[in-house]
Amino acid sequence: MSLLVEIEKLLEEGKGAIKNAASAETLENVRVAYLGRSGKIKEMMGRIREVANEEKKAFGQGMNDLKKSLEKLFDEQKNILGSSKAKSGPQPDPTLPGQSQPRGSRHPLTQVTEHVVKVFERLGFTIADGPEMEDEFHNFVALNIPDEHPAREDQDTFGLDNGTILRSQTSTVQIRTMEKIQPPVRVIAPGRVYRPDAVDATHFYSFGQIEGLAVDTDITFADLKSVLGMFAREMFGSDTKTRFRPSFFPFTEPSAEVDVTCIFCHGKGCRVCKQQGWIEILGCGMVDPNVFKSVGYDPEAWTGFAFGMGVERVAMLTLGVDDIRRFTENDLRFLRQF
Ligand SMILES: [Zn+2]
């Protein structure tokens, strides 16, 4: 019986050794010492010769149980050490804020341009495009601004080395469109234009313009007024009123500046509208017959209207921006507000 007690003792001893093994290396040493080829279990097995025949079966059974128990404990301890080893490295902290993917947005000038264009698309206009590098004919002559015309001074622009100029207005697209297609014409032309203006809070050497042109039989000033009235209400709010003031542009006759009721004070008068209640928003007029002649349209057969507005100006008004230079500084603190 004493050997069975020794088996029990060996089991307790082995259990303790396995439990106390704090590293994989120590555990492996324990395994070799107990379960190895010349380990304690093997050694104990060798003592079966000392066991009386009638007790050999109980001894064998005991040794078998011992071996299985220690093997099981060994596997368990190995798992514990394995997982705690993983835990000892840097662990993910689920309470930390995640790494968010920064989401961009379209530039405020792009948003305003798209808004304006969308309104006119609903009114039956389609987008027209043209080059920013232009010739004198499309930028001036065809628009009824001959060489000696004083309006050239206002629209002085940048000359390029190859003899061309940077367009000073998107009206060039009107000319190029009419050269290509016969009436009826209904186009809206957003684009960048250039003027050597001294840069200040409201002037920049490059800015966005959106021009519209409609040519058909019997187009009158009433059509122009109703189209721009609809635009103003869509763009600035349904209670927006428009006011047409006589003006001059070389390429339209008659010409008008269009004011809308101040979107900040609704006509009552405030700092933005300089207590006037009105804000100038665009220029327009009926297409001058000379412009039709320069593109080969018969001025007796066709009439039309044209209008143009500055994108920055509309954006500054609708977004409440006080300095035109903010749009081009790429300051994310500014851009993220839109
Ligand atoms: Zn106002």
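It should be noted that the structure appears before, not after, this text.
These remarks concern the structure in this document.

Definitions and cut-offs
Residues numbered from 1 in each chain as written. Predicted model: local features only at pLDDT ≥ 70, side-chain atom pairs only at ≥ 80, totals over all residues. Helix = DSSP H or I, 4+ residues; strand = E, 2+ residues; numbered from the N terminus. Rg over C-alpha atoms; globule rule 2.2 N^0.38 Å. Contact = placed C-beta atoms within 7 Å. Expected span 1.5 Å × (residues − 1). Buried ≥ 20, exposed ≤ 12 C-beta atoms within 10 Å, placed from the backbone. Arc of directions from axis to C-beta. Axes fitted to C-alpha atoms, helices over the stretch in contact; angles between N-to-C directions. Parallel < 35°, antiparallel > 145°, perpendicular 65-115°, else oblique. Left-handed = near helix turned anticlockwise from the far one by under 90°. Nonpolar A, V, L, I, M, F, W, Y, C, P; charged D, E, K, R; others polar. Pairing = 2+ DSSP bridges. Core = buried A, V, L, I, M, F, W, Y, C linked by C-beta atoms within 7 Å.

Time to look at the overall build of the protein chain. The helix and strand tally for the protein chain stands at 12 helices and nine strands. Its C-alpha radius of gyration of 44 Å places the protein chain more than 25% over the 20 Å reference for a compact globule of 338 residues. If one aligns the C-alpha atoms of the protein chain with their principal axes, the spans along those axes are about 135 × 50 × 40 Å. Within the protein chain, contacts between residues separated by at least 24 positions form 67% of all contacts whose residues are at least 6 apart in sequence.

Between its first and last C-alpha, helix α5 (residues 108-122) extends 21 Å over 15 residues, near the 21 Å set by a 1.5 Å rise per residue. Listing the buried residues of α5 in full gives Pro108, Leu109, Val112, Thr113, Val116 and Phe120. Buried positions in α5, seen along its axis, are confined to an arc of 140 degrees and lie on one side of it. What points out from α5, more than 90 degrees from its buried face, is the exposed set Lys118 and Arg122. Contacts from the buried residues of α5 go to β4 (185-194), β5 (206-216), α9 (221-236) and α11 (311-319). Following α5 by one or two positions, Gly124 adopts a phi angle in the positive range, close to 95 degrees.

To continue, consider the packing of α5 against α9. Across the interface, α5 lies against α9 with an axial gap of 10 Å and an inter-helix angle of 135 degrees. On the basis of their axis angle, the class for α5 and α9 is oblique. Crossing of α5 over α9 shows right-handed handedness. Of the residues in α9, those in contact with His115, Val116, Val119 and Phe120 of α5 are Phe231, Glu234 and Met235. Its residues assigned to classes, the contact of α5 with α9 shows five nonpolar, one polar and one charged.

What follows covers the packing of α5 against α11. Relative placement of two packed helices is described by the angle separating their axes and the distance separating the axes. With their axes 9 Å apart at the nearest point, α5 and α11 run at an angle of 100 degrees to one another. As far as their axial angle goes, α11 and α5 are roughly perpendicular. The residues of α11 that touch α5, namely those facing Pro108, Leu109, Val112, Thr113 and Val116, are Val311, Glu312, Val314, Ala315, Thr318 and Leu319.

Within the element layout of this structure, Glu76 appears in helix α4 (residues 56-88). Of the residues examined, Glu76 has 12 C-beta atoms within 10 Å and is grouped as exposed. Residues Glu76 and Gly14, 62 residues apart in the sequence, show an inter-C-alpha distance of 14 Å.

With that settled, the discussion passes to the pairing of strand β9 (residues 303-310). For β9, the buried fraction is high: seven of the eight residues fall into the buried class. Bridge count between β5 and β9: eight bridges; the pairing is antiparallel. Residue pairing in the sheet places Ile210 in a bridge with Met309 of β9. Here strand β8 (residues 278-287) runs beside β9; their pairing, made up of four bridges, is antiparallel. For Met286, the partnering residue across the bridge sits in β9 and is Phe305.

Pairing between sheet strands relies on hydrogen bonds along the backbone, with the strands arranged either parallel or antiparallel. A sheet is described by the order of its strands in space; here seven strands give the open sequence β1-β4-β5-β9-β8-β7-β6, paired in mixed fashion. Each end of this open sheet is capped by a strand with a single partner; those strands are β1 (126-127) and β6 (242-249). Strands in contact with α9 are β6, β7 (252-261), β8 and β9; relative to β6, the strand with the most contacts, it is inclined by about 125 degrees.

Before going further, it helps to spend a moment on the pairing of β7. Note that β6 and β7 share seven bridges and pair antiparallel. The partner of Thr242 across the bridge, within β7, is Val260. Once β6 ends, the chain turns through two residues before running back antiparallel as β7. Pairing of β7 with β8, which is carried by eight bridges, proceeds in the antiparallel orientation. Bridge pairing links Ser255 to Gly285 in β8.

Looking now at the nonpolar core. Among the nonpolar cores identified, the biggest contains 55 residues, and Leu228, Cys284, Phe305 and Val314 are the most heavily contacted of them. When residues in this core are grouped by element, the largest group, seven residues, is from α9. Those residues in contact with Phe305 that sit more than four places away from it in its chain are Ala214, Ile219, Asp223, Leu224, Cys284, Gly285, Met286 and Val287. Residues Ala21, Phe59, Leu66 and Phe74 belong to the second largest nonpolar core, which totals 11 residues.

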